[in-house]
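Letter by letter, the chains look like this.
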Amino acid sequence: MKRVDDFRLKFGQKEYVPIMIGGMGVDISTAELALEAARLGGIGHISDAMVNDVSDRRFDTSFVKDKTKQYKHNILNADKSEVKFDLDILAEATRRHVGATMEAKKGDGLVFVNCMEKLTMNGPRETLQVRMASALDAGIDGITLSAGLHLGSFGLIADHPRFRDAKLGIIVSSVRALQLFLRKNARLNRLPDFVVVEGPLAGGHLGFGLDWAQYDLATIIAEVIKYVADEQLNIPVIAAGGIFTGTDAVSFLETGSAAVQVATRFTVADECGLPTAVKQDYFRANEDDIVVNTISPTGYPMRMLKGSPAIGDGIRPNCESYGYLLDGNGNCAYITAYNRELALHPDGKNISVQDKTCLCTQMRNFKLWTCGHYTYRLKDTTRRNDDGTYQTLSAEHIFKDYQFSVDHQVALPV
Ligand SMILES: Cc1cc2nc3c(=O)[nH]c(=O)nc-3n(C[C@H](O)[C@H](O)[C@H](O)COP(=O)(O)O)c2cc1C
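Our subject in this report is the structure included herewith. Quick caveat, the model's predicted, so the values are computed rather than measured. (Residues numbered from 1 in each chain as written. Predicted model: local features only at pLDDT ≥ 70, side-chain atom pairs only at ≥ 80, totals over all residues.)

1. Details of the overall build of the protein chain
Spelled out, the test is: Secondary structure elements follow DSSP: runs of H or I of four or more residues count as helices, runs of E of two or more count as strands, with numbering from the N terminus. Only C-alpha atoms enter the radius of gyration; for comparison, a globular chain is expected to reach 2.2 Å times N to the power 0.38, where N is the number of residues. The contact criterion used here is simple: two residues whose C-beta atoms, placed from the backbone, lie within 7 Å are in contact.
Helix and strand counts for the protein chain come out as 13 helices and 15 strands. For the protein chain, whose C-alpha radius of gyration is 21 Å, the value lies close to the compact-globule estimate of 22 Å for 414 residues. When its C-alpha atoms are laid out on the principal axes, the protein chain stretches across 65 × 60 × 40 Å. Pairs at least 24 apart in sequence give 74% of the contacts found in the protein chain among residues at least 6 apart.

Spelled out as structure tokens, the structure:
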């Protein structure tokens, strides 16, 4: 019987343990978590979501406070079009976050940054360009583009000296999305170094509609692998979404996937950025506590615990401080929903917004508990303490369980 360790992910001449820990914003896949994956010979991700805020928390900068001050006059204004990100500050925040991570890197693995393109930051092109270029400047091993894949993204960094040496990958949920991307990028003569195919059981935003349950990762992966082979493209295809045990992973590796990307199991790792109490909510979750809804202003369905405090919360939009979802013209679906409710309750009290959430603020404060479909199985991966709480696990324990387990077994902590 095979185990994950019998396989290797190859990038050129180099080989890696074929386990990639997926990006989880905002700072849920911390540097500490990503560094463990790299130390153990696999691939970890940090995320550049709300990187100014991450920099403030990690490096004691005051980027968010300064932005709030700059745009204070606009807080009660429904029009957010003037609230822009300073590109130099964005570059500095990215370089700090990525640079500190890369300096601490040990071992033979890699650390990538997850870049969600739906974070349009009221200036989609220029902010994305700065995010990617600054991450490359700071020595990131690779960039994974996700959520809202903009077909021209590679072109934004085509002039960067590291454009051809850094690993660049994309996340897709269909063979069609991959075809479109490749067609659009043909003129750059630069293929993605890897393609993550994310199925409907993943955490975070989904590349499917509310009919997600009709899709199946194994089927989509088979289509992508066939397409890549038919076109004689040499691109490793990486399976993601609902791969819960080493045996699940082996089933993908045996059928042509080059690696797996996993995340949910690591949400209860000691190194994961979720607050300790929230990790217990993830452990306690039952299957019917996990919902897919449309409250994310990105327009993509998102999976989360139905007890997330963000759901229904009607806080005032915080775009002067954050504004990561502003589309370039000062719009975000939450602002529209909030203003609709405000018109009904002009005193501004007891406002509840059910259909959308202020994603920046809620993710920043860990009040929106996005999770994978199999979160309800996390309780089976650990032991219970005398007080009824569950033991969190080291990232190394979870990584090695994926790497060495057989027969759908999950090793409990000692
Ligand atoms: C808490 C959480 C947050 C996530 N955030 C992001 C994100 O910011 N960007 C992204 O591309 N994917 C995100 N994902 C998706 C993962 O990177 C990964 O592809 C997927 O969850 C793998 O499936 P699994 O969780 O069943 O192992 C997130 C997943 C989880 C569980």
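Having seen it, we continue.
2. Some words on the environment of R384
The criterion, for reference: Every C-beta atom is placed from the backbone, and the number of other C-beta atoms within 10 Å of a residue's own sets its class: buried at 20 or more, exposed at 12 or fewer, partly exposed in between.
Considering the arrangement of structural elements, one finds R384 in the loop between α12 (359-364) and α13 (395-404). Look at R384 and you get exposed, because 11 C-beta atoms sit within 10 Å. Separated by 242 residues in the primary sequence, R384 and G142 have C-alpha atoms spaced 38 Å apart.

3. Observations regarding the pairing of strand β4 (residues 43-47)
Definition in use: Strand pairing is defined by DSSP finding a minimum of two bridges between the two strands.
Of all five residues making up β4, five are buried, and the element is well covered by its neighbours. Residues of β4 alternate between two faces, with I43, H45 and S47 on one and G44 and I46 on the opposite face, all of them buried. In terms of strand pairing, β4 meets strand β5 (residues 110-116) through five bridges, oriented parallel. Each bridged residue has a counterpart across the sheet, and for I46 the counterpart in β5 is V113.

4. Let's talk about the packing of helix α4 (residues 87-103) against helix α5 (residues 124-137)
Condition: Axis lines are fitted through C-alpha atoms, for helices just across the contact stretch, and the angle between N-to-C directions can take any value from 0 to 180 degrees. Helix crossings fall into two classes, left-handed where the near helix is turned counterclockwise from the far one by less than a right angle and right-handed where it is turned clockwise. Each residue gets one label: Ala, Val, Leu, Ile, Met, Phe, Trp, Tyr, Cys and Pro are nonpolar, Asp, Glu, Lys and Arg are charged, and the others, such as Gly, are polar.
Direction vectors running N to C along α4 and α5 enclose 35 degrees, while the axes themselves pass 8 Å from each other. Judged by the twist between their axes, the crossing of α4 over α5 is right-handed. On α5, the residues touching L87, L90, A91, T94, R95 and V98 of α4 are E126, T127, V130, R131, S134, A135 and D137. Considering only residue class, the contact of α4 with α5 consists of six nonpolar, three polar and four charged.

5. Some points on the site of the ligand
Basically, it comes down to this: For each residue, a C-beta atom is placed from the backbone, and the residue counts as near a molecule or strand when that atom lies within 6 Å of it.
The full set close to the ligand counts 30 residues, and G22, S146, G203, G204 and G372 are the nearest of them. At the level of secondary structure, the elements contributing two or more residues to the shell around the ligand comprise β5 and β11 (259-262). Here the residues of the shell around the ligand sort into 14 nonpolar, 15 polar and one charged.

6. Re the pairing of strand β7 (residues 167-172)
Put simply, the rule is: Look down the strands so they point away from you; if the path from the first strand over the helix to the second goes clockwise, the crossover is right-handed.
Among the six residues in β7, five count as buried, and that is most of the element. Strand direction decides the pairing type here: strand β6 (residues 142-146) and β7, joined by four bridges, are parallel. Within β7, the position partnered with T144 by the bridge is G169. Bridge count between β7 and strand β8 (residues 194-198): four bridges; the pairing is parallel. Considered in β8, the bridge of I171 is made with V196. Each parallel crossover has a hand, and the one from β7 via helix α7 (residues 175-185) to β8 is right-handed.

7. Some details on unusual backbone geometry
The amide bond that connects G25 to the next residue, V26, takes the cis arrangement and shows omega of -5 degrees. Mapped onto the fold, V26 is located in the loop between β3 (19-21) and α1 (31-39). Its identity as a non-glycine residue notwithstanding, D60 has a phi of 65 degrees, on the positive side. Locating D60 in the fold gives a position in the loop between α2 (51-59) and α3 (63-70). The residue Q232 is not glycine, and still its phi comes out positive at about 55 degrees. One can find Q232 in the loop between α8 (217-230) and β10 (237-240).

8. Examining the sheet that holds strand β12 (residues 290-293)
Spatial ordering of the open sheet is given by β9-β13-β12, a layout of three strands whose pairing is antiparallel. Among the strands making up the open sheet, the edge pair consists of β9 (204-205) and β12. Strand direction decides the pairing type here: β12 and strand β13 (residues 302-305), joined by four bridges, are antiparallel. Of the residues in β13, the one forming a bridge with N293 is M302.

9. Let's talk about α13
Within the span of α13, buried status applies to A395, I398, F399, D401, Y402 and Q403. The secondary structure elements touched by the buried residues of α13 are β3, α1, α9 (246-253) and β11.

10. Points about α5
Every α-helix winds through 3.6 residues per turn, so residues three or four apart in the chain are directed the same way. Applied cut-off: For a helix, the expected span equals 1.5 Å multiplied by the residue count minus one.
Here α5 contains 14 residues, and its C-alpha end-to-end distance of 20 Å stays within 8% of the 20 Å for a straight helix at 1.5 Å per residue. Residues of α5 that are buried: T127, L128, V130, R131, M132, S134, A135 and L136. On the buried face of α5, the contacting elements are α4, β5, β6 and α6 (153-156). Where α5 terminates, the next one or two residues include G139, which has phi positive at roughly 90 degrees.

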